[in-house]
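# Architecture at a glance
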Amino acid sequence: MDASLNLRRITLPRARSAFLLIAACAQVAAATDPVQLRDGWRIQSSAKVTAGGEQLSRPGFNSLQWYPATMPSTVIAALVRDKVYPDPYFGMNLRDIPGTTYNIGANFANVAMPAGSPYAVPWWFRTEFTVPAQKGRHWWLHFDSINYRANIWVNGKRVAEANTVQGMYRMWEFDVTDALAPGRNALAVEVFPPQPDEFTITFVDWNPMPADKDMGLVRDVYLTDSGPVTLRHLQAVSKLNESMDRATVTEYADLTNVTAAPIDVTLRARIDQARVSKKVHLEPHQTLAVAAPAIEIANPKLWWPYGMGRQDMYEATADVVAGAQVSDSARVEFGIREVTGDKDAQDHRVFTINRKKILIRGGGWSPDMLLRRDDEREEREIRYARDMHLNTIRLEGKMMDRHFYETADRLGMLVMPGWCCCSYWERWKTWKPEDYEIAGESLRDQLRLLRNHPSVFVFLYGSDESPNEQAERTYLKVLEDERWPNPSISSAADRKTGITGRTGVKMTGPYDYVAPEYWLEDTKHGGAYGFNTETSPGPAIPLLASLKEMLPPEHLWPIDEFWNFHAGGGSYKNVNIFSKALDERYGKVTGLEDFVNKSQLATYEGERAMFEAYGRNKYTATGVIQWMLNNAWPSTIWHLYDWYLRPGGGYFGTKKANEPLHVQYSYDDRSVVVVNSQYRSFHGYSVSAKAYNLDLTEKFSKTAPVVIPEDGVVRVFTIPEIEGLSKTYFLRVQLRDEAGKLASTNFYWLSTQPDVSEFDRSNGRSTPIKTYADLTGLANLTPVEVKVASHGELRNDDRIEHVTVTNPSKGLAFFVHLTVMKGQGGTDIKPIYWEDNYFELFPGETREVSASYPAKLLGTAKPYIAVDGWNARRAR
């Protein structure tokens, strides 16, 4: 039976608890929570299945020899889970999966699958399920994402065909009322792999792509029910008055009459205790976008990004009443806040939240390479971003599920989504007429998912380039139709269109190693001016423990093809530029541990320099996105914490640079600066700076008072040229409050022989260095044993370790790194949120730092604080 059933796209609210909220106002028909179709799936290649969809989708079909799977899942993710393949994240195992014959480093999304690949053919996804008996109710089958096209069958009936169901970022809903039967039901989905000319996911040069190109049911699959009228796409649109002491909130919803007769219904909306309603007439099978009467909220609790205020949320509920029964209902959480993204006199994009400027400091996000879902890990990673005092996560063509945005809302992390570069998304010259529809409807579905989330503050409908006029008009029409409440930008690069003008952002790199001075000295490329949507000081070598987890022992050292396989693609297929800088600046690398230690030092220095430069130059500099925050698999490039959730040097350099009240040194003009990211002023503070030779002989000292304005930057004084410095020397700058308590401290290792960059040879990747700073003197620091004491406490589900570290020696303990272990000799605990790490200890100095982590990670072990770093170890 090939007749297709009724089909509509949808973004569904995540629960139906609103029925309970409004039950007093009308009799509620029997209803269920969404029936999640997660477990009990089986998958198999269509090349090994002779039956068709009609047979496969009948209850009782024998699929026991197929591979078991849990949804959401890609094909290879399920096969890895079933141990068909060894861990593809280890070594070069990924290359052993059949069909992985594309050139290493190639953008596989743009390459056709080899003819012999087991993933060049469709795969079947099958499950059986039961639904509660609901007389007179309509049942709806939902797919939040299918990659890429699909034929869908229920109980022998075709629900939809692959020529209609296509587009990874579209969301699908099907009326399966007539297909379902009492008792056992079956669902079979024939999923087709994405092709180079389709709107799928691509990792560009970030990491490899698996041989199936992430084919599968990659978001939730579930069933819901309704009466004769459905309520969909509930949206709460808020508007603040001039004084921001009153908000007007309007709830919008799409109502559809799914019957063949006209019907009169009532749309009812509620926020807190305020209730409004509206009568609506619907013709047979008619869909209307309906606005409920506005609700006024006095003294609204505003949603703010983390660091600016509280993350207060409201709940909007709505139902549609037909006769005396609730036909359908929905609820959404939303935040009341106002975002603008205007351009300043220099055409730089400046964002405001609730009419306060905000310097965007963020990182680029990547989901798991196999698109495996792990809500707990996802939350821990967003907590990592917040712990580094970042305020933004950018999504380039990697749209996430509801949990991601809900977590961002709760943790106050801004989200910057948009489409991807370097794939069919930006090949407008080759788009066919139907491609404009797929791209536009993909945007529509994603906007419906995003628009209620206060964390989402912009959408980039282009990436490296701006779309052609037809595509841009398509996107802008969808943005208008869907009442997008935030700014939108045509590209992540400095582009200009005839419709929206210049973007106000830039994407000039660099992406590979540059000297710390680069960010303040460069004025034409990636330096600290304007809004840089993606940039980086280069590779990020994981800690030694992570390298041992990702590489075979025989390939740990020296760097070889296994290392390079875990670098990037294209121009980023190795870490040679970074490695040369280590040799030149810190001395020739002598082995694996030396390479790792120098890497952490250089990455700390590089990330700190980048973020400090953008902080000092606000609001000439208006935003910076580190490329990247995380990785899709174990990688040696572009992360602030590694795949195994171990924070390294780059993490703590970023955290130091972005602390809310921060004292720093300027590489370009030698000024000592205080950067205040808080929205309050500080009075009675003082800044000190001390310069030391390598042997800690003090060569310069100065202290000066400072008044720090709200969200301001103050150049306090300039350090003069200092006579008699050793070639490698140190600078410590500190900020103290009116009581003399330390508010911020920062420590720099510098050279009288500075880095000299060749800016005239800059390109989108890096800027060559003509002369490197000489920091080789650090190798002569005397080894130091530090004393460690610690105690812990439980705080809700977390354990807090309070650690005291003392340097009893006469030498500097440099770049001290602490690790919490599960007992002495045990494994390390991660994720972990350190107050500070990789710090210095002067002779006789004591530091107290704390670390928090999920208590369950420790288990029954006793915590042990291990010490390593540049020249420090724990005293025995």
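For the structure given in this document, a descriptive report is provided here. (Residues numbered from 1 in each chain as written. Predicted model: local features only at pLDDT ≥ 70, side-chain atom pairs only at ≥ 80, totals over all residues. Heavy atoms only, no water.)

## Section: the overall build of the chain
Check the secondary structure of the chain and you find 13 helices and 52 strands. Relative to a compact globule of 876 residues, whose C-alpha radius of gyration would be 29 Å, the chain shows 29 Å and is just as compact. Counting every position in the chain, which comprises 876 residues, the buried fraction comes to 64%. Within the structure as shown, the chain displays about 31700 Å² of accessible surface, and the carbon and sulfur contribution to it stands at 48%. Charged side chains of the chain number 100 positive and 108 negative; the gap between the two group centres comes to 2 Å. (Helix = DSSP H or I, 4+ residues; strand = E, 2+ residues; numbered from the N terminus. Rg over C-alpha atoms; globule rule 2.2 N^0.38 Å. Buried < 20%, exposed > 50% of the residue type's maximum accessible area, 1.4 Å probe, protein only. Areas by Shrake-Rupley, 256 points an atom, 1.4 Å probe, with all protein chains shown as cover. Lys, Arg positive; Asp, Glu negative; His and termini not counted. Charge placed at Lys NZ, Arg CZ, Asp CG, Glu CD.)

## Considerations on the packing of helix α4 (residues 375-387) against helix α5 (residues 402-411)
For any two helices packed against each other, the geometry is given by the interaxial angle and the distance between the axes. Running from amino to carboxyl end, α4 crosses α5 at an angle of 35 degrees, the nearest separation of the two axes being 10 Å. For the pair α4 and α5, the crossing hand works out as right-handed. Residues D375, E378, E379, I382, R383 and R386 of α4 form the contact with α5, whose participating residues are H403, F404, T407, A408, R410 and L411. Here the residues of the contact of α4 with α5 sort into 4 nonpolar, 2 polar and 6 charged. (Axes fitted to C-alpha atoms, helices over the stretch in contact; angles between N-to-C directions. Left-handed = near helix turned anticlockwise from the far one by under 90°. Contact = heavy atoms within 4.5 Å. Nonpolar A, V, L, I, M, F, W, Y, C, P; charged D, E, K, R; others polar.)

## Focus on the nonpolar core
In terms of nonpolar packing, the biggest core is built from 274 residues, with Y119, F143, I152, L187, W749 and F814 touching the most fellow members. With 11 residues, helix α12 (residues 592-616) is the largest single contributor of residues to this core. Each residue touching W749, except ones within four places of it in the same chain, is listed here: Y586, L601, Y604, E605, R608, Y729, F730, L775, L778, F814 and F815. Formed by 6 residues, the second largest nonpolar core is a distinct cluster that contains V49, L56, W66 and A188. (Core = buried A, V, L, I, M, F, W, Y, C linked by side-chain atoms within 4.5 Å.)

## Concerning the packing of aromatic side chains
Aromatic rings considered in pairs are described by the distance between their centres and by the relative angle of their planes. On inspection of all chains with the given rule, the structure shows 57 aromatic pairs. Pairing W428 with W431 gives two aromatic rings, centres 6.4 Å apart and planes at 55 degrees, and the pair type is tilted. The buried category is assigned to W431, whose relative accessible area is 8%. Taking the centre distance of 5.6 Å and the plane angle of 50 degrees together, the rings of Y461 and Y475 count as tilted. In this pair, Y461 sits in the loop between β30 (459-460) and α7 (469-481) while Y475 sits in helix α7, placing the two residues 14 residues apart along the sequence. An identical accessibility class is assigned to Y461 and Y475; each is buried. Residue placement shows R232 over the ring face of W140; its charged tip is 5.6 Å from the ring centre. Above the plane of the ring of W643 lies R377, whose end atom (NZ or CZ) is 4.2 Å from the centre. (Phe/Tyr/Trp six-rings, centres within 6.5 Å; stacked < 30°, edge-to-face > 60°. Lys NZ or Arg CZ within 6 Å of the ring centre and 35° of its normal.)

## Regarding the environment of D347
Mapped onto the fold, D347 is located in the loop between β24 (339-343) and β25 (349-353). Owing to a relative accessible area of 26%, D347 belongs among the partly exposed residues under this scheme. The sequence separation of D347 and T503 amounts to 156 residues, and the corresponding C-alpha distance is 8.1 Å. Not counting residues within four places of it along the chain, the set of residues in contact with D347 comprises R502 and G504.

## Examining unusual backbone geometry
Residue Y148 follows N147 across a cis peptide bond; omega there is 15 degrees. Topologically, Y148 is positioned in the loop between β9 (146-147) and β10 (149-154). Each neighbour pair has its own omega, and for K830 with P831 the value is 5 degrees, a cis peptide bond. Non-glycine residue H233 carries a positive phi angle of around 55 degrees. Looking at where H233 falls in the secondary structure, it is placed in strand β16 (residues 229-240). Positioned with a positive phi, N299 is a non-glycine residue whose angle comes to about 50 degrees. Its location among the elements puts N299 in the loop between β21 (295-298) and β22 (314-322). In this structure N299 comes out as exposed when scored by relative accessible area, which is 60%.

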